[in-house]
Amino acid sequence: MAIISDDEGIRKREKKNPIIKPENIEYDNTFENSIRPKDFDSYIGQSALKETLKITLEAAKKRGKPLDHLLFYGPPGLGKTTIAGVIASQMGVEIRITSAPALERPRDIIGILMSLKGGEILFIDEIHRLNKVAEEILYPAMEDFTLDMTTGKSQTAKTLRVPLPKFTLIGATTKAGELSSPLRDRFGMIHRLEFYTKEELTKVVQRTAKILEVEVTEGGAQAIAMRSRGTPRIANRLVKRVSDFAIVKYDGVIDEKVANESLDILKIDKFGLDTTDRALLNLIIDKYDGGPVGVETIAAALSEDVRTIEDVCEPYLLQAGFLQRTPRGRKVSPEGYRHLGIKMPSMQTSLFGE
Ligand code: ADP
């Protein structure tokens, strides 16, 4: 139950969360939004997801009904927001993009829900950070397309059931495990986005270079892909950084040599680890004999936020096999030692059965 929000509040939030037409998903002018794929063909990889979605979308269109609520999870930069935009454009509907931390007060979420039109998509990023009150407002909204609202005070309070248009909620999270089960259960489809292969990232690099009108050879694209940590957002940023080097220091073309030299200067190693990743592994090795050590201790020692360590650094280090998560904390694996060129202490070696 929630308090009816005032019109002024809704208008203010309208400004903060404008309705976005899929073709104008560049709701701000950042580089990232300018290169976001708008359809399934330009959305590279994630083939299992695309196939399922195509069928689900087709079925929803044939039935003339809005799409089921969808939840996407996985590390940042893998294309959760992008796929939501692709879905909106394929369904020919508008999408409203917001994130859980922006929905602090009940009236924030109520304002958005009340201004949605039938069939529209509401995208909530970082949905695991939604507060309890906002979650409870969402339950009947997702299930029955209604808002349960209270007007008046104590004894004179009345409960109103306000119908909402049938909308689709798309939630995105880096931490599916932190979603409450009642919220998780209300999604008709839950899908984990995977890290991209080198071949897929090579295509991402080539596509971005084409949009930026930068020439890249096959070898140059592969070299950037190798160091992109399985993540298109990183691949795109590296294309931009390397193209700056190519223009200033070379003849403007990104070939393998230009890519590798530029990325070495940027201190991104051949597995895509940057200075923070290496500092994290070195810290565990130097100060904690390779681990295990708790993530809070690691974050404090590196002066980083725990969330950054958990959401940004760790997923790839774990996937690449350089780090291991144990009940007692994080440990550097034999591969992690090898990658840094450090000999593993014999005590650790026997623990890993090396
Ligand atoms: P997330 O929401 O998972 O953090 P985004 O959807 O914002 O990630 O994607 C980050 C950037 O990566 C986007 O700007 C987009 O250009 C690019 N990107 C993501 N997924 C793909 C993909 N499948 N194909 C091509 N580019 C992609």
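What you are looking at is a predicted structure, and each value in this text was computed from that prediction instead of being measured. (Residues numbered from 1 in each chain as written. Predicted model: local features only at pLDDT ≥ 70, side-chain atom pairs only at ≥ 80, totals over all residues. Heavy atoms only, no water.)

(A) Just the site of the ligand, in detail. The full set close to the ligand counts 18 residues, and Glu32, Ile44, Gly77, Thr81 and Thr82 are the nearest of them. Glutamate 32 is positioned such that a nitrogen or oxygen atom in its backbone is 3.0 Å from an oxygen atom of the ligand. Here glycine 77 contributes a backbone N or O atom positioned 2.8 Å from an oxygen atom of the ligand. Protein contact buries 98% of the 560 Å² of open area that the ligand shows by itself. Within the residue set of the shell around the ligand, elements represented by two or more residues are helix H4 (80-91) and helix H10 (232-249). Classifying every residue of the shell around the ligand gives eight nonpolar, six polar and four charged. Both of domain 1 (30-192) and domain 2 (198-265) provide at least three residues apiece to the shell around the ligand. (Near = heavy atom within 4 Å. Polar contact = N/O pair within 3.5 Å; in protein donor to acceptor, adjacent residues only side chain to side chain. Areas by Shrake-Rupley, 256 points an atom, 1.4 Å probe, with all protein chains shown as cover. Helix = DSSP H or I, 4+ residues; strand = E, 2+ residues; numbered from the N terminus. Nonpolar A, V, L, I, M, F, W, Y, C, P; charged D, E, K, R; others polar. Domains from an automatic or database assignment.)

(B) Geometry of the packing of aromatic side chains. For the structure on display, the rule yields three aromatic pairs. Between phenylalanine 145 and phenylalanine 167, the aromatic rings sit 5.6 Å apart at their centres with planes inclined by 80 degrees, giving edge-to-face as the arrangement. With phenylalanine 145 in the loop between helix H6 (132-144) and strand E5 (146-151) and phenylalanine 167 in the loop between strand E6 (158-163) and strand E7 (168-173), this residue pair connects regions lying 22 residues apart in the sequence. Exposure class is identical for phenylalanine 145 and phenylalanine 167. Each is buried. On the basis of an interplanar angle of 85 degrees and a centroid distance of 5.3 Å, the ring pair of phenylalanine 271 and phenylalanine 322 is categorised as edge-to-face. On the criterion of sequence distance, the pair formed by phenylalanine 271 in the loop between helix H11 (256-265) and helix H12 (275-288) and phenylalanine 322 in the loop between helix H14 (306-319) and strand E9 (323-326) is long-range, its members being 51 residues apart. Geometry around tyrosine 139 places arginine 186 over its ring, the cationic atom sitting 4.3 Å from the centre. Sitting above the plane of the phenylalanine 31 ring, lysine 240 keeps its charged end 5.2 Å from the centroid. (Phe/Tyr/Trp six-rings, centres within 6.5 Å; stacked < 30°, edge-to-face > 60°. Buried < 20%, exposed > 50% of the residue type's maximum accessible area, 1.4 Å probe, protein only. Lys NZ or Arg CZ within 6 Å of the ring centre and 35° of its normal.)

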